[in-house]
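# Report on the structure
The primary structure of each chain is shown beneath.
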Amino acid sequence: MEFRTEDIVKQTMDAINKKIRNMNTLNIIVVGKSGVGKSTLINSVFRENLAETGIGRPVTQTIRRISKQGFPLTIYDTPGFELGKSQQDLVKNEVMKLIRDGLSGKDVNRAIHCIWYCINVGSNRTFDESELAWLRSFTEENRSTRVPVFIVLTQACPKKKAEEMRRLVEAENLEISKVIPVLAQDMDFDEEYVAHAYGLDTLIAVMGEELPEELQDTLQNVQRVSLKSKKKRAQAAVAAAVTAAFGEGFAPVPFADAAMLIPTQITMIATITAIFGLDINKSILTSFVTSALGTGGATVLGRTVATNLLKLVPGAGTVAGGVISGATAGLITTALGEAYIVLMEQLWLGQLAPEDLTGEEGRRRLLSLFEKKSKKEELPENYTE
C-alpha cells in the first residue's frame, strides 16, 4: 500500500479538521465584582476576544453566556455581583443550578468544569467580608458537586501586596483548588516603570491538573499564554503515538508494507495541531511532509523512509532482511512528532511565518529540523533487531 504526498496531506488536513470539530467544550463560570478585570483576564488568557462589550446573551437573571461559534469554550459571566446580599444570593443559587443541571445531563459539553472567582488586589486593602461569606456559603454547597474553584487575584501588583492577599485567602481554609495572583497585562506607571504581566501560565497549569482528561486538548487549544503547557500536552500525544507505532511494528514487516503506521502518525500530527490552536493550511503541511519524505511521494514509513528517513537514525537503516521493528517505528514516530512540535512552536512564537516554509529554502529548513530530531533519537549501541 502506497500513498502520494498529496494523499497524506489531504488525510492529515481532514484529521485536523475532524479533531477540532469534535473537541469537547470547556465551560467556565467567572464570578467577581464589576471592575475587577474579568474581561481583561478572559481576553488575555484565551486566543479569542470573547469578553468584548455586547457579546453574550443572558441565560438567567444574573448570568450571561459568552461563546463563539467554532471555538470550544463557553464563559458564564456574572455582572452585577456586588449589588447587595440578595443579589449575591441569587447569583449563588443560579450558579449552583447551572452546575447541577450540567451534571444531571451527563454531557461533558454542558457540564461546568471550573469556577474563577476574581478579586482585584489593587482595589482591596483586605479580603472583603461579604465576598468571604459568599465564598464560604458557595464552597459548602459545592461539596456535593465538586467543581474546582480557583481564586484569581487580578491586577496583582505590587507582588508583595498580592502575596499578602493570597495568604489572607488561604488562611480562611476555604474548599478551593488554588489561589493564583495574576497581572493579565503589562502595567505602566507614569512611563517610569513597567510591571510585566505574570501568572496566567500558572492559572493554565493548575487548571490542567484539575480538569478531566477529555478536556485537556481543549484547554491547550483555547489558551494562548503557556507554551510550556502546550508542549507538554503535545509531547504526551507523541508518546501515545510511539506506543501505538511500537505495537504496530512489533511483528517486523517489510519497509514497503509499513503503510499501516500512517493513521497513527496522522492522528499524532492532527492532535498536536489542535493543541497549538494554529491555523495550519495545506501549504504548511505539504512543506513538512515533502521535507520529511522527499519529493517522490510515498508512505510516511514506506519505501521513501527506507531510503531517506531511516538512514538518519543510526542503526535503524541496517535492519536485517529489510524489515521495520517496533523500536524502529517508535524512533521514527518520535522524530516526526518532535520535529512537528518544534515547527508549531516556531510558528506560535512568530519565529517562522507560513510563507517561510514555501519554496526550496523552506523545505531545506524543515529537512534540517527533521534530521536533527532524527539523529537525537538514536538506538543504543548494543541494540539488536
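Structure's up top.
Here we summarise the structure given alongside this text. (Residues numbered from 1 in each chain as written. Predicted model: local features only at pLDDT ≥ 70, side-chain atom pairs only at ≥ 80, totals over all residues. Heavy atoms only, no water.)

Here helix H4 (residues 129-141) is 13 residues long and its end C-alpha atoms lie 19 Å apart, about the 18 Å a rise of 1.5 Å per residue gives. All of the buried residues along H4 are Glu 131, Leu 132, Trp 134, Leu 135, Phe 138 and Thr 139. Projection of H4 onto a plane perpendicular to its axis shows the buried side chains occupying an angular sector of 160°, all on one side. (Helix = DSSP H or I, 4+ residues; strand = E, 2+ residues; numbered from the N terminus. Expected span 1.5 Å × (residues − 1). Buried < 20%, exposed > 50% of the residue type's maximum accessible area, 1.4 Å probe, protein only. Arc of directions from axis to C-beta.)

Bringing the packing of aromatic side chains into the picture now. Evaluated as defined, the whole model comprises four aromatic pairs. Between Trp 134 and Phe 138, the ring centres sit 5.1 Å apart and the planes meet at 10°, which makes this aromatic pair stacked. Taken as a pair, Trp 134 and Phe 138 lie in helix H4 at a separation of four residues, close to a single helical turn. You can call Phe 138 buried: its relative accessible area is 0%. Plain terms: the ring middles of Phe 288 and Tyr 340 are 5.0 Å apart, the flat faces sit at 70° to each other, and that makes the pair edge-to-face. Pair noted here: Phe 288 is in helix H10 (residues 282-293) and Tyr 340 is in helix H12 (residues 326-349), with a separation of 52 residues, a long-range link. The ring of Tyr 198 has Lys 159 lying over it, and the distance from NZ or CZ to the ring centre is 4.4 Å. (Phe/Tyr/Trp six-rings, centres within 6.5 Å; stacked < 30°, edge-to-face > 60°. Lys NZ or Arg CZ within 6 Å of the ring centre and 35° of its normal.)

This brings us to the packing of helix H3 (residues 84-104) against H4. At their nearest, the axes of H3 and H4 sit 11 Å apart, and the two run at 25° to each other. When the axes of H3 and H4 are compared, the pair comes out roughly parallel. Between H3 and H4 lies a crossing whose hand is right-handed. Residue-level contacts link Gln 88, Val 91, Lys 92, Val 95, Met 96, Ile 99 and Arg 100 of H3 to Ser 130, Trp 134, Ser 137, Phe 138 and Glu 141 of H4. Here the residues of the contact of H3 with H4 are counted per class, giving six nonpolar, three polar and three charged. (Axes fitted to C-alpha atoms, helices over the stretch in contact; angles between N-to-C directions. Parallel < 35°, antiparallel > 145°, perpendicular 65-115°, else oblique. Left-handed = near helix turned anticlockwise from the far one by under 90°. Contact = heavy atoms within 4.5 Å. Nonpolar A, V, L, I, M, F, W, Y, C, P; charged D, E, K, R; others polar.)

Here we come to the pairing of strand S6 (residues 149-154). Among the six residues in S6, six count as buried, and that is most of the element. Here S6 shows two buried faces, one formed by Val 149, Ile 151 and Leu 153 and the other by Phe 150, Val 152 and Thr 154. Pairing analysis gives six bridges linking strand S5 (residues 114-120) to S6, with the strands arranged parallel. Counted as the bridge partner of Ile 119 is Leu 153 from S6. Of the strand pairs in this sheet, S6 and strand S7 (residues 178-181) are connected by four bridges, and their pairing is parallel. In the sheet register, Phe 150 faces S7, and the bridge partner there is Lys 178. Where the polypeptide runs from S6 across helix H5 (residues 159-171) and back to S7, its parallel neighbour, the crossover connection is right-handed. (Pairing = 2+ DSSP bridges. Right-handed = clockwise from strand over helix to strand, strands pointing away.)

As a further point, take the nonpolar core. For soluble globular proteins, the rule of thumb is that nonpolar side chains tend to be buried together. Core analysis: the largest hydrophobic core is formed by 34 residues, its most contacted members being Ile 272, Phe 276, Leu 285, Phe 288, Tyr 340, Leu 343 and Met 344. Elements represented by at least two residues in this core include exactly helix H1 (5-21), helix H8 (227-248), helix H9 (262-276), H10, H12 and helix H13 (359-376). The element that contributes the greatest number of residues to this core is H12, accounting for nine residues. Other than its neighbours up to four places away in sequence, Leu 285 contacts Val 9, Thr 12, Met 13, Ile 16, Ile 269, Ile 280 and Tyr 340. (Core = buried A, V, L, I, M, F, W, Y, C linked by side-chain atoms within 4.5 Å.)

Assignment of secondary structure puts Gln 223 in the loop between helix H7 (216-222) and H8. Between the alpha carbons of Gln 223 and Leu 73 there is a distance of 9.9 Å; along the sequence they are 150 residues apart. Ignoring any residue separated from it by four or fewer positions in sequence, one finds Gln 223 in contact with Val 45, Phe 46, Ile 204, Ser 229 and Lys 230. Among the polar contacts made by the side chain of Gln 223, one reaches the side chain of Gln 220 at a distance of 2.8 Å. (Polar contact = N/O pair within 3.5 Å; in protein donor to acceptor, adjacent residues only side chain to side chain.)

Relative orientation and spacing of two packed helices are given, respectively, by the angle between their axes and the distance between those axes. Contact pair helix H2 (residues 38-45) / helix H6 (residues 200-210): the axes reach a minimum separation of 11 Å and the direction vectors enclose 75°. On the basis of their axis angle, the class for H2 and H6 is roughly perpendicular. Residues Leu 41, Ser 44 and Val 45 of H2 touch H6, and the partners they reach there are Leu 200, Leu 203 and Ile 204. Per-class residue counts for the contact of H2 with H6 are five nonpolar, one polar and no charged.

Judged by side-chain charge, Asp 186, Asp 188, Asp 190, Glu 191 and Glu 192 come together as a negatively charged surface patch. The topology assignment puts Asp 188 in strand S8 (residues 187-189). (Patch = residues over 30% accessible without salt bridge, like charges linked within 9 Å, V, L, I, M, F, W, Y side chains within 5 Å. Areas by Shrake-Rupley, 256 points an atom, 1.4 Å probe, with all protein chains shown as cover. Salt bridge = Lys/Arg side-chain N within 4 Å of Asp/Glu carboxyl O. Lys, Arg positive; Asp, Glu negative; His and termini not counted. Charge placed at Lys NZ, Arg CZ, Asp CG, Glu CD.)

Here the focus is the pairing of strand S4 (residues 71-77). Where burial is concerned, most of S4 is hidden: seven out of the seven residues are buried. Every second residue of S4 is oriented toward a common face, with Phe 71, Leu 73, Ile 75 and Asp 77 on one face and Pro 72, Thr 74 and Tyr 76 on the other, all of them buried. Connecting strand S3 (residues 64-68) to the antiparallel partner S4 that follows it, the hairpin turn spans two residues, and Gly 70 within it adopts a positive phi of roughly 85°.

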